[in-house]
Amino acid sequence: MSGTPQLTLYNTLTRTKEAFTPLDPSNVRMYVCGPTVYDFAHIGNARPVIVFDLLFRLLRHVYGADHVTYVRNITDVDDKINARALRDFPDLPLNEAIRRVTEKTEAQFLSDVSALGTLPPTVQPRATDNIGEMQTLIAELIRRDHAYNAAGEVLFAVDTMPDYGQLSGRNLEDNLAGARVAVDRHKKNPADFVLWKQSADNEPGWDSPWGRGRPGWHIECSAMSERYLGQTFDIHGGGLDLIFPHHENEIAQSRCAHGTHAMAQVWMHNGFLQVEGQKMSKSLGNFITINDLLQTGAMGGHAWHGEVLRLAMLMTHYREPIDFSLKRLEEAESKLRNWQQAAWGAEISESGQPDASVVKELADDLNFHRASVALDFIAKRANRNEGDAKHCLAATLRFLGFSLDSLLTSDEGWEEPAHIATAIAERLAALNNKDFARADAIRNELAEQGIALMDYKDETGERRTRWEVKR
RNA sequence: GGCCACGUGGCGGAGUGGUGACGCAGCGGAUUGCAAAUCCGUGUACUCCGGUUCAAUUCCGGACGUGGCCUCCA
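Remember, it's a predicted structure, so these values are computed and weren't measured experimentally. Each chain carries its own residue numbering, running from 1 in the written order of its sequence. Both sets of labels track the order of writing: A upward for chains, 1 upward for ligands. Note on the predicted model: pLDDT of at least 70 is required for a residue's local features to be given, and 80 or more for side-chain atom pairs to be given and counted; whole-chain, interface and lining totals, by contrast, use all residues. Calculated side-chain values reflect all of the structure's heavy atoms, with hydrogen atoms and water omitted.

## Looking at the confidence of the model for chain A
Part 1 of the reasoning: With 94% of its residues at a pLDDT of at least 70, chain A reaches an overall mean of 89.
Part 2 of the reasoning: Taken as a whole, residues 177–182 scores under 50 in pLDDT and shows zero contacts with residues more than four places along the chain or in a different chain. The score called pLDDT rates the predictor's confidence residue by residue, from a low of 0 to a high of 100. By definition, residues are in contact when any of their heavy atoms lie within 4.5 Å.

## Overview of the pairing of strand β10 (residues 264–270)
Part 1 of the reasoning: Where burial is concerned, most of β10 is hidden: six out of the seven residues are buried.
Part 2 of the reasoning: The sheet contact formed by strand β9 (residues 233–239) and β10 spans six bridges and is parallel. Within β10, the residue paired with Gly-237 across the bridge is Met-268.
Part 3 of the reasoning: Note that the unit made of β9, helix α7 (residues 243–258) and β10 has a crossover that is right-handed. Note on classification: 1.4 Å probe, protein chains only; a residue is buried when its accessible area is under 20% of the maximum for its type, exposed when over 50%, partly exposed between these limits. Secondary structure elements follow DSSP: runs of H or I of four or more residues count as helices, runs of E of two or more count as strands, with numbering from the N terminus. Strand pairing is assigned whenever DSSP detects at least two bridges linking the two strands. If the strands point away from the viewer and the path from the first strand over the helix to the second runs clockwise, then the crossover is right-handed.

## Examining the sheet that holds strand β4 (residues 68–72)
Part 1 of the reasoning: Here four strands make up an open sheet; going across it, the order is β4-β3-β9-β10 and the pairing parallel. Of all the strands in the sheet, the pair left with one neighbour each is β4 and β10. Taken over all neighbouring pairs, the strand axes of this sheet differ in orientation by 20 degrees on average, direction set aside.
Part 2 of the reasoning: Strand contacts of helix α6 (residues 219–229): β3 (28–32), β4 and β9, with the helix running at about 160 degrees to β3, the strand carrying the most contacts. Working convention: axes come from line fits to C-alpha atoms, limited for helices to the stretch in contact. Angles between N-to-C directions cover 0 to 180 degrees.

## Comments concerning the packing of aromatic side chains
Part 1 of the reasoning: In this analysis, rings of Phe, Tyr and Trp, with Trp reduced to its six-membered ring, are considered paired at centre separations within 6.5 Å, and the interplanar angle assigns stacked below 30 degrees, edge-to-face beyond 60, and tilted for intermediate values. The full count for this structure, using the stated rule, is five aromatic pairs.
Part 2 of the reasoning: Here the aromatic rings of Tyr-31 and Phe-233 are separated by 6.5 Å at their centres, their planes lie at 50 degrees, and the arrangement is tilted. One end of the pair, Tyr-31, is in strand β3; the other, Phe-233, is in strand β9, with 202 residues separating them in the sequence. For the pair Tyr-31 and Phe-233, a shared accessibility class is recorded, and that class is buried.
Part 3 of the reasoning: Taking 5.1 Å as the distance between ring centres and 15 degrees as the angle between the ring planes, the aromatic pair formed by Phe-156 and Phe-193 counts as stacked. With a gap of 37 residues between them, Phe-156 in strand β6 (residues 153–156) and Phe-193 in strand β7 (residues 193–198) connect regions that are remote in the sequence. Phe-193 shares its class with Phe-156; the two are buried.
Part 4 of the reasoning: For Arg-60, the ring lying beneath its charged end belongs to Phe-56, and the centroid distance is 5.1 Å. Working rule: Lys NZ or Arg CZ, within 6 Å of ring centre, within 35 degrees of ring normal, means a charge sits over the ring.

## What about the nonpolar core?
Part 1 of the reasoning: Within the largest apolar cluster, 77 residues are counted, with the highest numbers of intra-cluster contacts made by Leu-59 and Phe-324.
Part 2 of the reasoning: Ranked by residue count, the leading element in this core is helix α1 (residues 43–63), at 13 residues.
Part 3 of the reasoning: Each domain's limits were defined by an automated method or a database of domain assignments. Three or more residues apiece are contributed to this core by two domains, here domain 1 (8–270) and domain 2 (273–399).
Part 4 of the reasoning: Formed by 37 residues, the second largest nonpolar core is a distinct cluster that contains Ile-131, Val-154, Ala-191 and Phe-193. Buried Ala, Val, Leu, Ile, Met, Phe, Trp, Tyr and Cys residues that are joined via side-chain atoms within 4.5 Å together make up what is termed a nonpolar core.

## Observations regarding the side chain of Glu-106
Part 1 of the reasoning: Within the element layout of this structure, Glu-106 appears in helix α3 (residues 94–114).
Part 2 of the reasoning: Classification of Glu-106 as buried rests on a relative accessible area of 11%.
Part 3 of the reasoning: For this analysis, a polar contact is any N or O atom pair within 3.5 Å, provided that within protein one partner can donate a hydrogen and the other can accept it, and provided that sequence-adjacent residues contribute only side-chain to side-chain pairs. Engagement of the side chain of Glu-106 in a polar contact is seen with the side chain of Arg-126, the distance being 2.9 Å.
Part 4 of the reasoning: Beyond its immediate sequence surroundings of up to four residues, Glu-106 is in contact with Val-37, Ile-74 and Arg-126.

## Some details on the pattern of salt bridges
Between side chains of opposite charge, a pair can form when the charged atoms approach closely.
Part 1 of the reasoning: The term salt bridge refers to a pairing of a side-chain nitrogen on Lys or Arg with a carboxyl oxygen on Asp or Glu at a separation within 4 Å. Per the stated rule, a full pass over the model turns up 28 salt bridges.
Part 2 of the reasoning: Asp-79 is the salt-bridge partner of Arg-214, the closest N and O atoms lying 3.0 Å from each other. Here Arg-214 is found in strand β8 (residues 213–215), whereas its partner Asp-79 is found in helix α2 (residues 79–88), with 135 residues between them in sequence.
Part 3 of the reasoning: With a relative accessible area of 6%, Arg-214 lands in the buried category.
Part 4 of the reasoning: The residue Arg-214 makes a salt bridge to Glu-203 at a minimum N-O spacing of 3.2 Å. One end of the pair, Arg-214, is in strand β8; the other, Glu-203, is in the loop between β7 and β8, with 11 residues separating them in the sequence.
Part 5 of the reasoning: What makes Glu-203 partly exposed here is its relative accessible area of 24%.
Part 6 of the reasoning: Linked through salt bridges whose partners overlap, the residues forming this network are Asp-79, Lys-197, Glu-203 and Arg-214.

Written as structure tokens, this is what we have:
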């Protein structure tokens, strides 16, 4: 950890970039809102997963891999899940139907996300495994007079928190002026939100002091972050849309239940994305899931490697809006391919350290694009065979979550590398005999199999040949 | 109606009060049996209108445009 860079992160709470100082450098704690498991995750969902994975990697680099705890929850209780269960499994008992939906969707999410080159979070808690913790929190909020029971619901009373609205920068009066949704009569203040609601017989529910019911949306994150990270922790992240009401309400719950002045020190939010210049929506027919990109030709007529999707997402700073497009994927693919080509042949070593200039750029509020410029520079040096640039490039690529050969070799080894090596050797022999017709025939033959050959000279000036899978 | 982002060359995309990053594509050259790859070089920009300033793409104000949030959407 010599020369530890100073991290700077943009904090939504203060709307400024701030120097980051962990509460406890021996255990840096980060919570990110994860998926509600009722359907395939779309590419918008992929953005925070990738962005905060990058931050996780950076934190591990700076503070040590064993000194960072990253929690990403899985929301498996939600009315959308209930609806999906009823739709997909109308003949099953509700609990069984729900279990089918959430298990299947969760497995799909984890598989999609690992293809994006993301490390698994330290803990991935499920909401349904933390119902007791949520009830404890709700009971405490009632005891402290921050919550009340009305019309069968337990509600949080926003009037009991003087600085409610700090994160989103909106005050309650402004909010109400143009509210679109009719106000429930039983609420003391229209902005009060549900902590616990009653369940009908055909809805999932848990016994509680307030009757059989289920938790409100926000309480799970308050409960799970406390359980795994404590009452106050370092970083809380998620999409821009979560600032209000979700994160605002999490803060209200946690701080009021614990009597603390902060839930997380730093609140980070990634920007939204559009698809080909339009907002992504099912009605426009441009709704794209991670799995569509990984497995089908939904965009560009063929599947894309998860690392290409990762790079396409990181090419733009995490707080900026992204226009996700075919052109972007193509550019990401060629960029990653160039890096991998430049790193080709580097020895793979687990101990290799990432380039300091790349780390430094990332340390400035995750400026991946500047980091990629530094990486381009290293790649150029590697192509000129300068110093240990090749190994440095390889180590840095791995640090950033990219493999060294994903675009250069076929995933499933559909072609025997040994077979290719033989053909290359034969062609080189033909070339040495000036038998160009034979040499070109071999090259064409391989080209038809999707293998591209590239001749180059090694350090001694001898002609050599490299190959890669081409699209 | 309220609040919040964003608007840079053909495309992607950083950044800065004063010498127009960087990548892709384009163009020129080197290398090559021919290719590909690689290397070297190169053109084009800061939505509009005011203001502050010796000087603004960069600061301030306004307009226009795009997107987001305003009770469960990353």
